[in-house]
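# Notes for the structure review
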Amino acid sequence: PQVISVRPSGVTERTAKVPWAIPLPILALLAMMLLLYTGHGAIWAFQERIGIADGLTEHAVGKWIGMSMLLWGVGGSLLARLLSLSLGRIVPQLISLGASCIAVLLLVFGSTPFAFATSSGLIALSWFYGLPYQMGLLAAHDPKGRAALAGTMMSTAGMAAGPGIAAFLLVGHAHWPIGVLAGVCYLCALAIAVPSARGVA
């Protein structure tokens, strides 16, 4: 569609609307979701292998990951529900993404069964605690819900990209490149999330 506007001088100017234009704040948040889930995907794909390298059996790895998702993951979601916006929008991002960085560093550099179990719980807690606040930022910037839908698509793309990038970076039996990849993704996501949260705080 086109709009015809008339300047005060009487000169007619023809301008075209761009209905698919996406505001810059929403583009930034979509990039945040892509980065966030690229980090999540990289960790999720190799978490079992890291546990085996730490000396756990396949049964133990499955037990710790399953229990973490059930207990700490559900606990993180309930915590977000209970706290709601009582801490504002910025602090939850700092907690969630900061905890994700700590968890992934503990996972790849801990090298013990205890470190694996602890990091698995912290990973689940930080992921599921932070998700409502990250989706809430998208909803706050676009109440119509289109940004939230696009954010889900970007998270899916990130979950697909993360394992591929991590596999490309992996050298031998060293898993630290995966931790670096995820950590960089989380820090970049945090750098986007904090100004975005401040804009709607």
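This brings us to the overall build of the protein. On a plain count of helices and strands, the protein comes out with 6 helices and 2 strands. In the protein, the order of α-helices and β-strands from amino to carboxyl end is β-β-α-α-α-α-α-α. Here the protein, with 201 residues, has 39% of them falling under the buried criterion. When the accessible surface of the protein is split by element, carbon and sulfur atoms take 72% of a total near 10700 Å².

Here Ser-96 is to be found in helix 3 (residues 90-110). Within polar-contact distance, the side chain of Ser-96 engages the backbone oxygen of Ser-126 at 3.0 Å. Those residues within four positions of Ser-96 in sequence are excluded, and the remaining contacts are Ser-126, Tyr-129, Gly-130 and Gln-134.

Counted by the stated rule, this structure contains 1 salt bridge. Salt-bridge contacts for Arg-146 lead to Asp-142; the nearest nitrogen and oxygen are separated by 3.8 Å. Overall, the relative accessible area of 8% leaves Asp-142 in the buried class.

Take the environment of Ala-124 next. Residue placement: Ala-124 occurs in helix 4 (residues 113-141). Given the relative accessible area of 0%, Ala-124 is considered buried. Taking the C-alpha atoms as reference points, Ala-124 and Met-67, 57 residues apart in sequence, are found 9.6 Å from one another. With residues near it in sequence (within four places) discarded, Ala-124 still touches Ser-68, Met-69, Trp-72 and Gly-73.

Positive phi is not limited to glycine here, since Ser-84 has a value of about 50 degrees. Turning to its location among the elements, Ser-84 is positioned in the loop between helix 2 (58-83) and helix 3. For Ser-84, a relative accessible area of 41% translates into the label partly exposed. Here Ser-111, not a glycine, exhibits a phi torsion of approximately 60 degrees, which is positive. Tracing the backbone shows Ser-111 in the loop between helix 3 and helix 4. Judged by relative accessible area, which is 49%, Ser-111 ranks as partly exposed.

The geometry of helix 1 (residues 24-53) relative to helix 5 (residues 146-169) is characterised by a closest axis approach of 6 Å and an angle of 40 degrees between their N-to-C directions. As summarised for this structure, helix 1 and helix 5 are arranged oblique, according to the angle between their axes. The chirality of how helix 1 crosses helix 5 is right-handed. In terms of residue class, the contact of helix 1 with helix 5 is made up of 19 nonpolar, 7 polar and no charged.

So, about the packing of aromatic side chains. Taken as a whole, this structure holds 2 aromatic pairs when the rule is applied. Here Trp-44 and Trp-127 contribute two aromatic rings whose centre-to-centre distance is 6.3 Å and whose plane-to-plane angle is 50 degrees, an arrangement assigned as tilted. Here Trp-44, found in helix 1, pairs with Trp-127, found in helix 4; they are 83 residues apart in sequence, far enough to count as distant. The exposure class assigned to Trp-44 is partly exposed, which follows from its relative accessible area of 40%. The class of Trp-127 is buried, set by a relative accessible area of 11%. Here the aromatic rings of Tyr-129 and Tyr-133 are separated by 5.3 Å at their centres, their planes lie at 55 degrees, and the arrangement is tilted. Here Tyr-129 pairs with Tyr-133, and both are found in helix 4, just 4 residues apart, close to one helical turn. The class for Tyr-129 is buried, based on a relative accessible area of 3%. Among the residues examined, Tyr-133 registers a relative accessible area of 8% and is labelled buried.

Calculation rules
- Residues numbered from 1 in each chain as written.
- Predicted model: local features only at pLDDT ≥ 70, side-chain atom pairs only at ≥ 80, totals over all residues.
- Heavy atoms only, no water.
- Helix = DSSP H or I, 4+ residues; strand = E, 2+ residues; numbered from the N terminus.
- Buried < 20%, exposed > 50% of the residue type's maximum accessible area, 1.4 Å probe, protein only.
- Areas by Shrake-Rupley, 256 points an atom, 1.4 Å probe, with all protein chains shown as cover.
- Polar contact = N/O pair within 3.5 Å; in protein donor to acceptor, adjacent residues only side chain to side chain.
- Contact = heavy atoms within 4.5 Å.
- Salt bridge = Lys/Arg side-chain N within 4 Å of Asp/Glu carboxyl O.
- Axes fitted to C-alpha atoms, helices over the stretch in contact; angles between N-to-C directions.
- Parallel < 35°, antiparallel > 145°, perpendicular 65-115°, else oblique.
- Left-handed = near helix turned anticlockwise from the far one by under 90°.
- Nonpolar A, V, L, I, M, F, W, Y, C, P; charged D, E, K, R; others polar.
- Phe/Tyr/Trp six-rings, centres within 6.5 Å; stacked < 30°, edge-to-face > 60°.

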